[in-house]
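Examining the three-dimensional arrangement
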Amino acid sequence: MNPVHDSTIFVVGGDHGLGLLIAHRLVKLGAQRIGLIGCDVKQGEIAARGLFESASGIWALSGAGNLSSNDDAGRVVAELAASLGDADILINCLPGDNAVTDVVLKSMRALGHGTVVHVGGTCESDSGGVRVRWVAVDEDLVVANEVLARLEHN
């Protein structure tokens, strides 16, 4: 079975660009629960609606806030987790300082499992039972395929 099929997936930057492209590819692979995390409420709602309408049987929700704020990141993650479940996979497509990864990693460590994929680097590590992977940014479609390929090897 495809590893994304039964996973709850949060995509930081999933309301536009590469993050939204990856989210659409995840839906094609059978993902059923996707949380899009961004900074713009309206853009996130439009992106989530587009995902929801792209396939039957999926839940696509969005959360927005100041992602460099621990409080906002915690609120956004808590809202999505309350509806979709705790994240099994986090794909971070927003470079720079955002607190979402820290919030989700804390939850994953408590659960003892999870995968984090940072789009924009090139290393891999294990952090308290949570796989952390970095994927270099090149062309959007190539990166999307690389992210999905790495997830398939979990």
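Located above this text is the structure these notes cover.
Residues numbered from 1 in each chain as written. Predicted model: local features only at pLDDT ≥ 70, side-chain atom pairs only at ≥ 80, totals over all residues. Heavy atoms only, no water.

**Some words on the packing of helix α1 (residues 17-28) against helix α2 (residues 41-54)**
As a packed pair, α1 and α2 sit with axes 10 Å apart at the nearest point and diverge in direction by 20 degrees. Here α1 lies roughly parallel to α2, going by the angle between them. The way α1 lies across α2 gives a crossing that is right-handed. From α1, Leu20, Ala23, His24 and Val27 reach across to α2, where they touch Ala47, Gly50, Leu51 and Ser54. (Axes fitted to C-alpha atoms, helices over the stretch in contact; angles between N-to-C directions. Helix = DSSP H or I, 4+ residues; strand = E, 2+ residues; numbered from the N terminus. Parallel < 35°, antiparallel > 145°, perpendicular 65-115°, else oblique. Left-handed = near helix turned anticlockwise from the far one by under 90°. Contact = heavy atoms within 4.5 Å.)

**Looking at the packing of helix α3 (residues 70-84) against helix α4 (residues 100-111)**
It is at 8 Å that the axes of α3 and α4 come closest, and there the two elements cross at 50 degrees. Considering their axes alone, α3 and α4 lie oblique with respect to each other. Where α3 crosses over α4, the handedness of that crossing is right-handed. Contact residues: α3 offers Ala73, Gly74 and Val77, while α4 offers Val100, Val103 and Val104. Taken together, the residues of the contact of α3 with α4 sort by class into 5 nonpolar, 1 polar and no charged. (Nonpolar A, V, L, I, M, F, W, Y, C, P; charged D, E, K, R; others polar.)

**Some details on the nonpolar core**
By size, the foremost hydrophobic cluster in this structure holds 22 residues, and its most contacted members are Ile9, Val11, Leu26, Ile34, Leu36, Leu51 and Ile91. Top element by residues in this core is α1. It accounts for 6 residues. One finds Phe10, Val77, Leu90 and Leu105 within the second-largest nonpolar core, a separate group that totals 18 residues. (Core = buried A, V, L, I, M, F, W, Y, C linked by side-chain atoms within 4.5 Å. Buried < 20%, exposed > 50% of the residue type's maximum accessible area, 1.4 Å probe, protein only.)

**A few points about the side chain of Asn92**
Within the secondary structure layout, Asn92 lies in strand β4 (residues 89-92). Given the relative accessible area of 6%, Asn92 is considered buried. A distance of 3.5 Å separates the side chain of Asn92 from the side chain of His118, its partner in a polar contact. Ignoring sequence-local partners within four residues, the contact set of Asn92 consists of Val12, Asn98, Thr101, Val117, His118 and Val119. (Polar contact = N/O pair within 3.5 Å; in protein donor to acceptor, adjacent residues only side chain to side chain.)

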